[in-house]
Amino acid sequence: EQDYFWQVDVLNPMIPSSLTGAAVGAAGHGAIKAPMPGKVSRILFSEGDPVNEGDVLLVMEAMKMEHTIVAPASGFLKALHCRVDEVVQDGAILAEVEESSEGDT
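Residues numbered from 1 in each chain as written. Predicted model: local features only at pLDDT ≥ 70, side-chain atom pairs only at ≥ 80, totals over all residues. Heavy atoms only, no water.

A separate point is the nonpolar core. Counting residues in each nonpolar core, the largest one holds 15 residues, and the members touching the most others are L57, L58, M60, V88, L94 and V97. Looking at this core, the elements with two or more residues in it are β4 (56-62) and β8 (93-99). Look past the residues within four positions of L57 in its chain and what remains in contact with it is I32, I43, L44, F45, V51, I69, V70, A71, L77 and V97. (Core = buried A, V, L, I, M, F, W, Y, C linked by side-chain atoms within 4.5 Å. Buried < 20%, exposed > 50% of the residue type's maximum accessible area, 1.4 Å probe, protein only. Helix = DSSP H or I, 4+ residues; strand = E, 2+ residues; numbered from the N terminus. Contact = heavy atoms within 4.5 Å.)

In structure tokens, the structure reads:
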């Protein structure tokens, strides 16, 4: 007989702060990772654009639902690592936001 351990993280897409913890992680400070496998359906900012914390950067389609991916902090969009209609895997780095100090955006 074996014991199993299951971990479930429930993210509320209506609360941007619930996404940032999962989306920003081991890939590095400001790196935004896909919270699940899916297809990038829209990209709302371009590299170099100023962003504010909570801004919707891109939209993914997964499990027949749209999921918004938000900026974890204010700054500028340093890099985009995906394109519209691209299918991405869970944990793939989608974008990077470089934080700026208050008033830089």
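Next comes the rest of the account.
Of note, H67 is situated in strand β5 (residues 65-70). The exposure class assigned to H67 is buried, which follows from its relative accessible area of 13%. A polar contact of 3.2 Å, which involves the side chain of H67, links it to the backbone oxygen of A62. Residues in contact with H67, not counting those within four places in the same chain, are M36, L58, V59, M60 and A62. (Polar contact = N/O pair within 3.5 Å; in protein donor to acceptor, adjacent residues only side chain to side chain.)

Here the idea is simple: oppositely charged side chains can pair when their charged atoms come close. Under the definition given, this model contains four salt bridges. A salt bridge links K78 to E98, with the shortest nitrogen-to-oxygen separation between them at 3.7 Å. Here K78 is found in strand β6 (residues 75-80), whereas its partner E98 is found in strand β8, with 20 residues between them in sequence. On the basis of relative accessible area, E98 is assigned to the partly exposed category, the value being 36%. (Salt bridge = Lys/Arg side-chain N within 4 Å of Asp/Glu carboxyl O.)

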